[in-house]
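The primary structure of each chain is shown beneath.
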Amino acid sequence: MARKMATETCQDTDAFTACRLIALDKKPGCRPIGVGEVLRRIVGKAIMEVTKDDIKAAVENLQVCAGQKAGGEAAVHAMRTIYSDPDCDAVLLVDATNAFNNINRQAAIHNIRIKCPSLAMYIENLYRKPAKQFICDRHTGNSDTIESAEGTTQGDPVAMAMYAIGLLRMQDHISHEKTQVKQVAYADDLAGAGKINDLRKWWDLIQRHGPQQGYHPNAQKSILIVKPGNVEKAKECFGNLEIQINADGEKYLGAVLGTEQTKETFVKSRVEGWIGEMKRLAKIAKEEPHAAYTAFTFGLKHKWKYLMRAVPNIRHLLQPIEDTIKRDFIPALSGGRNPTDLERAILELPPRMGGMGIINPCKISDTEHQNSVRLTSHLTQHILSEDQQRRMQMAQEVGASNWLTALPIKAKGFSLNKQEFVDALALRYGWHMDGLPQSCSCGSPFNTNHAMTCKTGGFVVIRHDEVRDLTAQMLREVCHDVRVEPDLLPTGGRSFTLRSVNTAEDARLDISARGFWARGQRAFFDVRIFNPMAQSNRNQDLHAAHGRHENDKIREYGERIEEVEQGTFTPLVFTTTGRMAPRAKTFYAILAQQLNFKFLINRCMVLNEHTLTTAASPR
């Protein structure tokens, strides 16, 4: 049944999607849980087990609720690290109104079809039509039926994955590329960190694009955690909104962000609650020690472990819990025996090593936090700087570091002055560059990435023309009739098999040369240099992006050159960091061989001429 629902369109799913509706008290508010029947949960879990890798690949680091190991902990570590950065002014924690029940189903299904096709058919079978949900009053026996037409069904095993993928489109609209805000989402808990003005732009984009996907930001429950020196600026920027501005800190995903004092207050309040639970458990242990011990080992201690893993340096704050365990809980379990220090140390050990697994929270808190940081380091790094990860990939490409390894020979143009070298490093690593204008002539905010993409500013044209002219100069050494921007022959109304072929009468390519690939045949070349950090390229693997740009050029000119010009066409595709696409790499390798061959011939001719001259001269 799971296989059928995951691969075929199923019409009669009413009985499968119908379920009992349970209302949980949120204090205040009500959380409607459409738990679903056992069969639906089994099928959902089976499908999640098979598609989990596809789901994680679809959401990448934008959502950490889709099966990533310790995703919540990674989000907390990342936001704490970003907040501690001197360049960060604040962290904005966004709360959504009734998020899971409001997500736009049609938009979510559309997004899943594109981002995670292996899950799409099952989601469509479940959520294409409204599901019947039954409400029963246990006091009167009266029942009623409502239809669930929007949102996910809370309790459905695939609900979290559906929600995570369903919001990817909104997260693309509010990405770091467009806002300079570093963000992470754990389901509907959205957090962004950066400059205050950038955070306001980020919030405005959420308000603009969120409702289209069913994400309705709630300003009253959203919190802006600012550093003490930025409070007035935050009030000025967010003053017209109902967002809470907090200079101390706030709870975030079961942990806390902010000052040390706020951290201590938060942890102490949690510890007080757990001490009360331990004392109640100790009372139960006097009558039912086995049940109390099981409740401790399988339940209560894991609440503490999450806090230890998510919040650093809280060992001293957990001492009251250890005191309660040693003074109340262990004696209740052992019939009144007060353990010695050695006995307490033995009881801390896991059962397989002779102990009971009654942990000492003070001893393990630092280790638990360090383990969490190590476990989530890969995911945390992606959250911290998606751009930096991309730039490292670009810097590792073949050819991207040649300017660093080449000798600074001025005669060859390989020597960079101080400013050029500093600027090149800034472009390589995405660092801030001094002296840039606030805005581009096109009207957009100006930064290094915009400078590499915008055609109005002139940088795109300059780098393109430099490569074109240098290539033409080298071709003149080994070919005949080399032309820059040659006009193409008219097509004469000829039809082509591809609709993408450029049939314009005034079409031109960058370079043509006769005799490069074959004697007497004209070869045409066209240069394209693309920025991997541009929005149209950043979601693609670098190798795939090279192939796409090569194919775009071939579809545009290849058939016309072969049929009309009777020549050959080669796209010369580069990244802004200097890597060549496969066809360009082949072309320049052969060009280098021909240049080297010509150099050797010229060298031999000079040596022969010198030898003949020497032999003919009188002694």
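The following refers to the structure shown. Remember, predicted model here, so these are calculated numbers, not experimental data.

**Topic: the sheet that holds strand β5 (residues 143-148)**
Phase 1 of the analysis: One open sheet holds the 4 strands; their spatial order is β2-β1-β4-β5, and the pairing between them is mixed. Edge positions in the sheet fall to β2 (30-34) and β5, since each has one partner strand and no second. Looking at each pair of strands side by side, their axes are set apart by 35° on average, direction ignored.
Phase 2 of the analysis: Relative to β2, strand β1 (residues 19-25) is paired through 5 bridges, and the arrangement is antiparallel. What sits directly across from A23, in β2, is P32.

**A closer look at the side chain of D510**
Phase 1 of the analysis: Mapped onto the elements, D510 comes out in the loop between β12 (480-484) and β13 (511-514).
Phase 2 of the analysis: Of the side chains bearing the opposite charge, R468 lies closest to the buried D510, which forms no salt bridge; the N-O distance is 5.0 Å.
Phase 3 of the analysis: If we skip the residues at most four places from it in the chain, D510 touches H464, R468, R483, V484, E485, P486, F525, D526 and V527.

**With respect to unusual backbone geometry**
Phase 1 of the analysis: Even without being glycine, L253 reaches a positive phi, approximately 50°.
Phase 2 of the analysis: Its place among the elements puts L253 in the loop between β10 (249-252) and β11 (255-258).
Phase 3 of the analysis: With phi around 50°, E485 is a residue other than glycine that occupies positive phi space.
Phase 4 of the analysis: Tracing the chain through its elements places E485 in the loop between β12 and β13.

**Quick word on the packing of aromatic side chains**
Phase 1 of the analysis: Applying the stated rule across the entire model yields 11 aromatic pairs.
Phase 2 of the analysis: Judged by centre distance (5.5 Å) and plane angle (70°), the rings of F296 and W304 are edge-to-face.
Phase 3 of the analysis: You can call F296 buried: its relative accessible area is 0%.
Phase 4 of the analysis: Taken together, the aromatic side chains of F516, W517, F525, F574, F587 and Y588 make up a single cluster linked through ring pairs.
Phase 5 of the analysis: When the ring centre of F238 is taken as reference, the NZ or CZ atom of R200 above it lies at 5.9 Å.
Phase 6 of the analysis: In this structure, K227 packs its charged tip against the face of Y83, placed 5.5 Å from the ring centre.

**Some words on the pattern of salt bridges**
Phase 1 of the analysis: The full count for this structure, using the stated rule, is 28 salt bridges.
Phase 2 of the analysis: Here E73 ties to R309 by a salt bridge, and the two come within 3.0 Å at their closest N and O atoms. Placement of the pair is E73 in helix α4 (residues 71-84) and R309 in helix α14 (residues 289-310), with a sequence separation of 236 residues. Just as E73 is buried, R309 falls in that class too.

Rules of the game
Residues numbered from 1 in each chain as written. Predicted model: local features only at pLDDT ≥ 70, side-chain atom pairs only at ≥ 80, totals over all residues. Heavy atoms only, no water. Pairing = 2+ DSSP bridges. Helix = DSSP H or I, 4+ residues; strand = E, 2+ residues; numbered from the N terminus. Axes fitted to C-alpha atoms, helices over the stretch in contact; angles between N-to-C directions. Buried < 20%, exposed > 50% of the residue type's maximum accessible area, 1.4 Å probe, protein only. Lys, Arg positive; Asp, Glu negative; His and termini not counted. Salt bridge = Lys/Arg side-chain N within 4 Å of Asp/Glu carboxyl O. Contact = heavy atoms within 4.5 Å. Phe/Tyr/Trp six-rings, centres within 6.5 Å; stacked < 30°, edge-to-face > 60°. Lys NZ or Arg CZ within 6 Å of the ring centre and 35° of its normal.

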